[in-house]
Amino acid sequence: MTDSNKMIINLALFGMTQSGKSSAGNILLGSTDFHSSFAPCSVTKECSLGRSCHLHGFMRRGGQEITLQVRVLDTPGYPHSKLSKKHVKQEIKEALEHHFGQEGLHLALLVQRADVPLCGQEASPSVQMIQELLGHAWKDYMAILFTHAEKIEEAGFNEAEYLHEASDTLLTLLNSIQHRYIFQHKKGDSLNAQRIKVLEKIMEFIRENSYQVLTFK
């Protein structure tokens, strides 16, 4: 927050290789800041911070229109095809301290493909990375962003049915983070409409958390 009419929110993206982190980050920013492509290996090798343009009149607070700016930290996927856990963790740790050390992090988004079941062995590395980096308060500052959510409809499910059929691993994780989740669709709505829907949901989570931030010193 820089003044009464402007708000900056700080987000960090976590997840497995090819989960769609960089693509999701670009939608959040409304840009193509992050390199995103299909590859048989991990694409992102270092952290990168992107900043959105100002979204004027995005929301109202205290009777005033608020201009929103989004800052997104894209991180290497883990497990990584070329980098060790120690390297990835240190890279992200330094980036969190550098970019959000004083201003703080509003929300860590675990990016998870909706068409890839979240099972015990697969879920643990990325979630464990978040827990280790965010510390004991991780549950208060994490949400799940489901990418490729259009696959749910293609498979004949709605979102409620999808969650009802989800693995115990996913349901346990959702319970731990007060059911903070977002479905991101790539079909139907324009990219800007998708962006607004996701940002509105993120702001809902941040408000519910009383606009608190997690600092890294």
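This is a predicted model, so every value here is computed, not measured. Counting from 1, residues in each chain are numbered in the order their sequence is written. Per-residue local features are limited, in this predicted model, to residues with pLDDT of at least 70; the limit for side-chain atom pairs, both in listing and counting, is 80 or more; totals at the level of whole chains, interfaces and linings are taken over all residues. Only hydrogens and water are removed before side-chain values are computed, so all heavy atoms of the structure are retained for them.

Q: Outline the pattern of salt bridges, supporting the account with residue identities and numerical values.
A: Between Lys or Arg on one side and Asp or Glu on the other, a salt bridge is scored when a side-chain nitrogen of the former is within 4 Å of a carboxyl oxygen of the latter. Across all of its chains, the model carries eight salt bridges by this definition. Here Arg 71 makes a salt bridge to Glu 103, at a shortest N to O gap of 3.1 Å. Linking Arg 71 in strand 4 (residues 64–74) with Glu 103 in the loop between helix 2 (85–100) and strand 5 (107–113), this pair joins segments that are 32 residues apart in sequence. Taking the shortest distance from any N to any O, the salt bridge between Glu 132 and Lys 89 comes out at 3.1 Å. Here Glu 132, found in helix 3 (residues 120–134), pairs with Lys 89, found in helix 2; they are 43 residues apart in sequence, far enough to count as distant. Throughout this description, buried means an accessible area under 20% of the type-specific maximum (1.4 Å probe, protein chains only), exposed means over 50%, and partly exposed covers the range between. Under the relative-accessibility criterion, Lys 89 is labelled partly exposed at 29%. By the criteria applied, helices consist of DSSP H or I runs no shorter than four residues and strands consist of E runs no shorter than two, each listed in order from the N terminus.

Q: Please give an account of the side chain of Asp 74 that cites residues and values.
A: Mapping Asp 74 onto the fold places it in strand 4. Positive charges come from Lys and Arg alone, negative charges from Asp and Glu alone, with His and the N- and C-terminal ends not counted. Notably, Asp 74 is buried but unbridged: the nearest opposite-charge side chain belongs to Lys 21, and the N-O separation is 5.3 Å. Polar contact criterion, stated in full: a pair of N or O atoms within 3.5 Å, where within protein one must be able to donate a hydrogen and the other to accept it, and residues adjacent in sequence count only if both atoms are side-chain atoms. A distance of 2.6 Å separates a polar atom in the side chain of Asp 74 from a polar atom in the side chain of Ser 22. Note on contacts: a residue pair is in contact if any heavy atoms of the two residues lie within 4.5 Å. Once residues within four sequence positions are removed from consideration, Asp 74 is found in contact with Leu 13, Lys 21, Ser 22, Phe 34, Thr 44, Glu 46, Cys 47 and Ser 48.

Q: Please set out the packing of aromatic side chains residue by residue, giving values where relevant.
A: Side-chain rings of Phe, Tyr and Trp, where Trp is taken by its six-membered ring, are said to pair if the distance between their centres is within 6.5 Å; with planes under 30 degrees apart they count as stacked, over 60 as edge-to-face, and otherwise as tilted. Inspection of the entire model under this criterion finds four aromatic pairs. With centroids separated by 5.8 Å and ring planes inclined at 80 degrees, the aromatic side chains of Tyr 162 and Phe 183 adopt a geometry described as edge-to-face. Highlighted residues: Tyr 162 in helix 5 (residues 159–164) and Phe 183 in strand 7 (residues 181–183), separated in sequence by 21 residues. Here Tyr 162 matches Phe 183 in class, with each residue buried. A residue is classified by how much of its surface remains accessible, and Phe 183, at 11% relative accessible area, is buried. Members of the aromatic cluster, each reached through a chain of ring pairs, are Phe 146, Tyr 162, Tyr 181 and Phe 183. In this structure, Arg 61 is placed above the aromatic ring of Tyr 211, and the distance from its NZ or CZ to the ring centre is 3.8 Å. Either the NZ atom of lysine or the CZ atom of arginine qualifies as a charge over a ring when it sits within 6 Å of the ring centre and within 35 degrees of the ring normal.

Q: I'd like a description of the environment of Phe 100, backed by residues and values.
A: With respect to the secondary-structure elements, Phe 100 resides in helix 2. For Phe 100, a relative accessible area of 0% translates into the label buried. Along the primary structure Phe 100 and Arg 180 are separated by 80 residues, whereas in three dimensions their C-alpha atoms are 22 Å apart. Discounting chain neighbours no more than four positions away, the residues touching Phe 100 are Asn 10, Leu 11, Leu 49, Arg 71, Leu 73, Ala 95, Leu 105, Leu 214, Thr 215 and Phe 216.

Q: Pulling in residues and values, what's your account of the nonpolar core?
A: Note on terminology: a nonpolar core comprises buried Ala, Val, Leu, Ile, Met, Phe, Trp, Tyr and Cys residues joined through side-chain atoms within 4.5 Å. Core analysis: the biggest nonpolar cluster contains 40 residues, and Phe 14, Leu 73, Leu 96, Leu 134, Met 142, Ile 144 and Leu 173 have the highest contact counts within it. If you list the elements that add at least two residues to this core, you get strand 1 (6–15), helix 2, strand 5, helix 3, strand 6 (142–147), helix 5 and helix 6 (168–176). In this view, Met 142 contacts Leu 107, Ala 108, Leu 110, Ile 130, Leu 173, Ile 177 and Arg 180; residues no more than four positions away in its chain are not counted. Membership of the second largest hydrophobic core comes to 27 residues, among which are Leu 29, Val 70, Leu 109 and Ile 202.

Q: Give a detailed account of helix 6, specifying residues and quantitative values.
A: Within the sequence span of helix 6, burial applies to Leu 170, Leu 173 and Leu 174. Relative to the axis of helix 6, the buried residues are bounded by an arc of 100 degrees and lie together on one face. Away from its buried face by more than 90 degrees, helix 6 exposes Asp 168 and Asn 175. At the C-terminal side of helix 6, Gln 178 shows a positive phi close to 55 degrees. The directions from the helix axis to the C-beta atoms are what the arc is built from.

Q: I'd like a rundown of unusual backbone geometry, residues and numbers included.
A: The residue after Tyr 78, namely Pro 79, is reached through a cis peptide bond having omega 0 degrees. Summarising the element assignment, Pro 79 is placed in the loop between strand 4 and helix 2. The phi dihedral of His 148 falls on the positive side, at around 55 degrees, and the residue is not glycine. Within the element layout of this structure, His 148 appears in the loop between strand 6 and helix 4 (150–154). On the basis of relative accessible area, His 148 is assigned to the buried category, the value being 18%.

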